[in-house]
Amino acid sequence: VALAAFSGASAFAPSTSVLPSARRSVRASLAMRDSYMAGNWKLNPESLDDAKALAKEVVEASSDMPGESAVFVPFPYLGAVGDVLEGSKVQLGAQDCYIEAKGAYTGAVSMGMLKSTGVKAVLAGHSERRSIFGEDDDTINKKVLTIIESGLDCILCIGETQEEYDMDLNNEVCALQLAKGLQGVSEEMLSKVIIAYEPVWAIGTGKVATPEIAESVHAYIRSWFTKAYSKKAAEAMRIQYGGSVTPESVDELMAQPNIDGALVGGASLVGEKFARIMNYKALDTAAAPVEEKAAPVEQKAAPVEEKNGGKRTAIKEFWEKLVGSSA
């Protein structure tokens, strides 16, 4: 499955190029999936009192929000923040978990422990867990299965680095991470899965993929689910965008037909900012003016053979990585 998905990413992936006018009409005419706004607090805030105060601000802003929302808080704050969230529309989430239920695993936190504090969803595969803590696709897949089998929702994070983006490998990277992260996950189990596309180059950098770039990758991810599972599964899958989402960028991102929410980092630590993101404004995209912009020739100045050679080298490296970890 993984081999087919990876090779298919570039060789026979369905086209996801859609004119802006077509995207707007689709968004305006279809009943979309419920949105899901998630705040990932990471290693923040600095004290329990600050965490409870932030949670209170989020709750106060959630009464009229569209869709669903959750905050993913550090382990020490789960119980207290859960008490603040109780009875609200905001769910409690955990940033990580361990695959064993109990035992001699110093520093680990089990799914049973998380469930006992009221946690409803858990992150898996965040780029910081991959790059800083060395979690590979096999480890992430085990966590995905553990989370789903416990009955909680799993947000599986995927996305490419700056180097991979520059080599135009967005789709290949996403296909690889999806195939390996969802190994052993049946179509029935997908009801507990949410995908968060987070281009690594945009996380915490202030850079944001344009709505067109984000929509293109989201559309590809949805097409991957069509091929790997079914059209029904693809249409039901919620796909969040993450990567320096702000109150200023959220409305246009959420106007895209394949973007179903956001996984928010820094802005989720400021009550006012996350409140605006949760309560994004549904743009009247049908009435929006359409601007067709051609990419300047200068942007494509790199010699074709140089770009293709770099991409071939990168694909070869990914192929060796895939075969080596599947052996």
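Residues numbered from 1 in each chain as written. Predicted model: local features only at pLDDT ≥ 70, side-chain atom pairs only at ≥ 80, totals over all residues. Heavy atoms only, no water.

**A short note on the confidence of the model for the protein chain**
Inference 1: For the protein chain, per-residue confidence averages 84 on the pLDDT scale, and 77% of positions sit at 70 or higher.
Inference 2: Across residues 1-31 the pLDDT falls below 50, and counting only partners more than four positions away or on other chains, this stretch makes 57 contacts in the model.
Inference 3: Of the regions scoring below 50 in pLDDT, residues 323-327 engages in 2 contacts with residues more than four places distant in sequence or in other chains. (pLDDT = per-residue confidence, 0-100. Contact = heavy atoms within 4.5 Å.)

**Observations concerning the pairing of strand β3 (residues 90-94)**
Two faces belong to every sheet, and in a regular strand the side chains alternate between them.
Inference 1: With 4 of 5 residues buried, β3 lies mostly within the body of the structure.
Inference 2: The sheet contact formed by strand β2 (residues 68-73) and β3 spans 5 bridges and is parallel. Within β3, the residue paired with Val-73 across the bridge is Ala-94.
Inference 3: For the segment spanning β2, helix α4 (residues 78-85) and β3, crossover handedness is right-handed.
Inference 4: Pairing analysis gives 2 bridges linking β3 to strand β4 (residues 121-124), with the strands arranged parallel. Note on β4: the bridge partner recorded for Gly-93 is Ala-121.
Inference 5: The parallel pair β3 and β4 is bridged by helix α5 (residues 111-116), and the resulting crossover is right-handed. (Buried < 20%, exposed > 50% of the residue type's maximum accessible area, 1.4 Å probe, protein only. Helix = DSSP H or I, 4+ residues; strand = E, 2+ residues; numbered from the N terminus. Pairing = 2+ DSSP bridges. Right-handed = clockwise from strand over helix to strand, strands pointing away.)

**What to know about the pattern of salt bridges**
Inference 1: Summed over all chains, the structure comprises 12 salt bridges.
Inference 2: Put simply, Asp-260 and Arg-33 hold a salt bridge, and the shortest N to O gap is 3.0 Å. Placement of the pair is Asp-260 in the loop between α12 (250-254) and β8 (261-264) and Arg-33 in the loop between α2 (20-29) and β1 (36-40), with a sequence separation of 227 residues.
Inference 3: Look at Asp-260 and you get buried, because its relative accessible area is 2%. (Salt bridge = Lys/Arg side-chain N within 4 Å of Asp/Glu carboxyl O.)

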